[in-house]
Amino acid sequence: HGAQYFSVREPPFRAAIEKASLAGVVERWRPRWPGGEQDRGDLWVGSPGMNALPQFLSEGLDIEYGARITRLERKQGGWTLMDDRGAGHPDFGFVVLALPAPEAAALAASHTPLTERVRAVTMAPCWAAMVAFAGPVGDAPDAGFTDDAVLPWFARNGSKPGRDAPDAWVLHASAEYSRREFDAPPARVLKTLLTRFSEQLGRKLPAILLSDTHRWRHARVEAPLGEPYLLDRTANIGFCGDWCLDARAEAAFLSGEAAGIAISQTRHSDSSGKMRDR
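Attention in this report is confined to the structure presented alongside it. Along each chain, residue indices are assigned from 1 in the same order as the chain's sequence is written. Local features in this predicted model are restricted to residues whose pLDDT is 70 or higher, and side-chain atom pairs enter the listing and the counts only when it is 80 or higher, whereas totals over whole chains, interfaces and linings include all residues. As a convention, hydrogens and water are excluded, and side-chain values are obtained from all of the structure's heavy atoms.

**Describing the overall build of the chain**
Rule in force here: In this description a helix means any DSSP run of H or I spanning at least four residues, a strand means any run of E spanning at least two, and both kinds are numbered starting from the N terminus. Three labels apply to residues, based on accessible area from a 1.4 Å probe with only protein chains included: buried if under 20% of the type maximum, exposed if over 50%, partly exposed otherwise in between. For the area figures, the Shrake-Rupley method with a 1.4 Å probe applies, and any residue is considered shielded solely by the protein chains shown.
For the chain, the helix and strand inventory stands at seven helices and 13 strands. Counting only C-alpha atoms and orienting by the principal axes, one finds that the chain spans roughly 70 × 40 × 30 Å. Burial statistics for the chain: of 278 residues in total, 43% are counted as buried. Entry remark: accessible area of the chain is about 14,900 Å², with carbon and sulfur atoms responsible for 51%.

Here you go:
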């Protein structure tokens, strides 16, 4: 119900996707578009789900789940991360906030002057609906970008490789609608999106088997930073994410890779006495 697909443009990301493809965790998605439209370039999806790609990329990493970090504390031994249960996770040499820009700025707070630049990045919300119908929708396109002011995107999830589900669809609301109806009851949002979906297809929809809605507070980058990452080498804190470059999944990868390389080179410089950062 979040990122629907990703495209590949730059060599570093292409190399990562080729490895993921060989491992069987990503595949090309070839949906049927409205009016027989074909030229959308190579679209990729995780298989059997979108989270297959980040799981593949995270192999070998020490990742801790279930701890929401709410505060950063700078101490003599390095950074201590405080979670929402009051527990501290101490002695990190470098902190990188790979979060939506507004959340990253709030967490960094007064720790670095770079926070002001992060606050300047704007991101839009998005209401998303997930609907499984009791019967087939019919001869409808698998995906479509529309000029509808409320429903600019719909996609048949079952048309993606690796999915084994009933006739299930994802509907994304526009940024304008999502802002206007940000605090609307989910049931009202679902009804509105289904009505628009029915109008787009020009037919009555089958009975609903299952449905859910989700509100992404920071879904899409509107005004990116224009740099691949930000690092404060004095405070040992940095920022990366799609919002640094573009509203695309590949931008998140490129930003994170660039930040990681820069931090690695900086740490090497600290230990060797030679500046090797680019």
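Next, the rest of the story.
**Notes on the sheet that holds strand β3 (residues 69-75)**
Just so we agree on the cut-off: Strand pairing is assigned whenever DSSP identifies at least 2 bridges connecting the two strands. Only the stretch in contact is used when a helix axis is fitted, and all axes are lines through C-alpha atoms; the angle between N-to-C directions ranges over 0 to 180 degrees.
Overall, antiparallel pairing links the three strands, which are arranged β3-β4-β5 in an open sheet. Each end of this open sheet is capped by a strand with a single partner; those strands are β3 and β5 (88-92). For this sheet, the mean inter-axis angle between neighbouring strands, taken without regard to orientation, is 20°. Sheet topology note: the β3/strand β4 (residues 78-83) ladder contains six bridges and is antiparallel.

**Quick notes on the state of the cysteines**
In plain terms, the rule: Cysteine sulfur atoms are paired as a disulfide whenever they come within 2.5 Å of each other.
One pass over the full model with this rule turns up zero disulfides. Take C244: it sits in no disulfide, and the sulfur closest to it among the cysteines is that of C240, at 6.6 Å.

**Here's the deal with the pattern of salt bridges**
Here is the rule we go by: When a carboxyl oxygen of Asp or Glu is within 4 Å of a side-chain nitrogen of Lys or Arg, the pair counts as a salt bridge.
All chains considered together, the criterion is met by 15 salt bridges. A salt bridge links R119 to E116, with the nearest nitrogen and oxygen atoms 2.3 Å apart. With R119 and E116 both in helix α4 (residues 115-119) and three residues apart, this pair spans about one turn of that helix. R119 gets classed as partly exposed once you look at its relative accessible area, which sits at 46%. Overall, E116 belongs to the exposed group, its relative accessible area being 51%. Across the salt bridge formed by R248 and E250, the nearest N and O atoms sit 2.6 Å from each other.

**Here we look at the layout of surface pockets**
Note the following rule: Method remark: on a 1 Å grid restricted to protein atoms, a set of points is classed as a cavity if a 1.4 Å probe fits but cannot get out and as a pocket if it is open with protein on both sides within 12 Å along at least five of seven lines; lining residues have an atom within 4 Å of a point. Grid points are joined across faces, edges and corners, and a volume is the space filled by probe spheres set on the points. Three classes are used, and their members are as follows: Ala, Val, Leu, Ile, Met, Phe, Trp, Tyr, Cys and Pro are nonpolar, Asp, Glu, Lys and Arg are charged, and the others, Gly among them, are polar.
Size it by volume and the second largest pocket reaches roughly 260 Å³. H1, M130, N157, A168 and V170 are, among the 20 residues lining the second largest pocket, the residues nearest its centre. Among the secondary structure elements, those contributing two or more residues to the lining of the second largest pocket are β7 (122-133) and β10 (168-172). Of the residues in the lining of the second largest pocket, the class split is twelve nonpolar, six polar and two charged.

**Things to note about a nonpolar patch on the surface**
To keep things clear, this is the line we draw: Patch membership requires more than 30% relative accessible area and the absence of a salt bridge. Residues of like charge join within 9 Å; the nonpolar side chains Val, Leu, Ile, Met, Phe, Trp and Tyr join within 5 Å.
On the surface, L61, I63 and Y65 cluster together into a nonpolar patch covering about 360 Å² of accessible area. Following the sequence through the fold, L61 ends up in the loop between α2 (52-57) and β3. Residue classification places L61 among the exposed positions, given a relative accessible area of 56%.

**Examining helix α6 (residues 186-201)**
What counts here: A helix's residues, less one, multiplied by 1.5 Å, set its expected span. Contacts were defined at the residue level, with two residues in contact if any of their heavy atoms lie within 4.5 Å.
Spanning 16 residues, α6 covers 22 Å between terminal C-alpha atoms, matching the ideal 22 Å at 1.5 Å per step. Each element contacted by the buried residues of α6 is listed here: β7, β9 (153-156), β10, α5 (175-180) and β11 (208-223). In the segment just after α6, G202 is the residue with positive phi, at about 70°.

**Comments concerning the nonpolar core**
Soluble globular proteins: nonpolar side chains tend toward being buried together. Rules: Here the nonpolar core consists of buried residues drawn from Ala, Val, Leu, Ile, Met, Phe, Trp, Tyr and Cys, with membership extended through side-chain atoms lying within 4.5 Å.
The biggest cluster of nonpolar side chains holds 22 residues, and the ones touching the most others in it are L72, V95, L97, V118, I237, F239 and W243. Secondary-structure elements contributing two or more residues to this core are β4, β6 (95-97), α3 (101-108) and β13 (237-239). Once you skip the residues sitting within four places of it in the chain, V118 turns out to touch A101, A104, A105, L230, F239 and W243. Counting residues in each nonpolar core, the second largest holds 21 residues, with V137, A184, L193 and L205 among its members.

**Topic: the packing of aromatic side chains**
Two aromatic rings are characterised by how far apart their centres lie and by the angle between their planes. Going by this rule: Each pair of aromatic rings taken from Phe, Tyr and Trp, with Trp reduced to its six-membered ring, is defined by centres within 6.5 Å and is described as stacked if the planes are under 30 degrees apart, edge-to-face if over 60, and tilted in the remaining cases. Whether a charge lies above a ring is judged from NZ of Lys or CZ of Arg, which has to be within 6 Å of the ring centre and within 35 degrees of the ring normal.
Under the defined criterion, the tally for this structure stands at eleven aromatic pairs. Here F145 and W153 contribute two aromatic rings whose centre-to-centre distance is 4.7 Å and whose plane-to-plane angle is 50°, an arrangement assigned as tilted. The exposure class assigned to W153 is buried, which follows from its relative accessible area of 5%. Aromatic pair W169 and F197: ring centres 5.1 Å apart, planes at 55°, arrangement tilted. With W169 in strand β10 and F197 in helix α6, the pair connects residues that are 28 residues apart, well separated along the chain. The same class applies to W169 and to F197, which are both buried. Aromatic ring contacts, followed pair by pair, group Y5, W29, W33, F145 and W153 into a single cluster. Positioned above the aromatic ring of W29 is the side chain of K160, whose terminal nitrogen or guanidinium carbon lies 5.0 Å from the ring centre. When the ring centre of F182 is taken as reference, the NZ or CZ atom of R215 above it lies at 3.9 Å.

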